[in-house]
Amino acid sequence: MLRCWSDIRLPNGWLAAGAVAQTVWNIAHGYPTEANIKDIDLIYFDADDLSAESEARHEARVRGLFADLGVAVDVKNEARVHLWYPAKFGYSIAPYGSAEAAIATFPTTSTAVGVRPHGSRLDVCAPFGLDDLLRLVVRPNKAQITRPIYEAKVARWRLCWPELKIYGWDE
């Protein structure tokens with residue numbers, strides 16, 4: 001996906017969250033890089049177009065580029081998350097000011113990460129650093145999620161990646 005980044009063309013786009021963290025966990029566990037990954041999150045930030053239609057067009061276009069992956073590709077404009085979040089999760093959130101601000105609210109310290117190519121190097125957005133990710137540590141990021149959301153995620157992850165050091169909500 002990163003090799004084809006110029007084809008993705010999302011404003012302030014990032015490959016983010018589980019697709020990054022779970023790839024690292026797969027490598028650390030000796031699994032194929034794509035094992036246990038339910039979806040690939042591509043996020044972007046376009047405050048000038050908050051329409052669901054534009055987001056859906058981007059998603060359809062990007063899914064078409066990667067139809068051969070065999071895994072769902074989710075494309076979300078983080079500038080519009082506050083519009084649908086209450087209906088999905090039952091409570092409101094403030095609008096994000098950037099894609100990076102959104103990444104800082106992702107459910108765990110190890111999944112609050114985004115990467116994207118920048119010339120010959122890789123830009124990394126990791127508001128909590130990379131130590132937890134690289135040490136296979138999972139801690140809740142309580143900035144936005146609830147305990148049930150965190151516990152549901154880590155219950156699946158325990159089964160898929162048994163070497164993870166998963167901290168409880170209250171630890």
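Above this text you will find the structure in question.
Below or above, wherever it landed, is the structure these notes cover. (Residues numbered from 1 in each chain as written. Predicted model: local features only at pLDDT ≥ 70, side-chain atom pairs only at ≥ 80, totals over all residues. Heavy atoms only, no water.)

Points about the overall build of the protein
A tally of regular secondary structure across the protein gives seven helices and seven strands. Listing each helix as α and each strand as β along the protein from the N terminus yields α-β-α-β-α-β-α-α-β-β-α-β-α-β. Its C-alpha radius of gyration of 16 Å places the protein within 12% of the 16 Å reference for a compact globule of 171 residues. For the protein, the C-alpha atoms occupy an extent of roughly 40 × 35 × 25 Å along the three principal directions. With 171 residues in all, the protein has 46% of them scored as buried. (Helix = DSSP H or I, 4+ residues; strand = E, 2+ residues; numbered from the N terminus. Rg over C-alpha atoms; globule rule 2.2 N^0.38 Å. Buried < 20%, exposed > 50% of the residue type's maximum accessible area, 1.4 Å probe, protein only.)

Some remarks on the side chain of S110
Structurally, S110 is set in the loop between α5 (99–103) and β4 (114–118). A relative accessible area of 0% places S110 in the buried class. At 3.3 Å, the side chain of S110 and the backbone oxygen of V137 are in polar contact. Dropping the residues within four chain positions of it, S110 is found in contact with A21, W25, D132, L133, V137 and V138. (Polar contact = N/O pair within 3.5 Å; in protein donor to acceptor, adjacent residues only side chain to side chain. Contact = heavy atoms within 4.5 Å.)

Things to note about the pattern of salt bridges
All chains considered together, the criterion is met by 10 salt bridges. Two residues, E59 and R63, come together in a salt bridge whose shortest N-O distance is 3.5 Å. Note that E59 and R63 are positioned in helix α3 (residues 52–65) at a spacing of four residues, about one turn of the helix. Where R139 meets D132, a salt bridge forms, and the shortest distance between an N and an O atom there is 2.8 Å. Overall, the relative accessible area of 31% leaves R139 in the partly exposed class. On the basis of relative accessibility, which here comes to 13%, the residue D132 falls in the buried class. (Salt bridge = Lys/Arg side-chain N within 4 Å of Asp/Glu carboxyl O.)

Regarding the side chain of R80
With respect to the helices and strands, R80 occurs in the loop between β3 (72–77) and α4 (81–89). According to the relative accessible area criterion, R80 is buried, its value standing at 10%. Of note is the side chain of R80, whose polar atom sits 2.8 Å from the backbone oxygen of L50. Excluding residues within four positions of it along the chain, R80 makes contact with L50, S51, A52 and E55.

Observations concerning α4
Those residues of α4 lying buried are V81, H82 and Y85. Along the long axis of α4, the arc covered by the buried residues comes to 80°, so they all point the same way. On its buried side, α4 packs onto β3. Directly beyond the C-terminal end of α4, a positive phi value near 90° is found at G90. (Arc of directions from axis to C-beta.)

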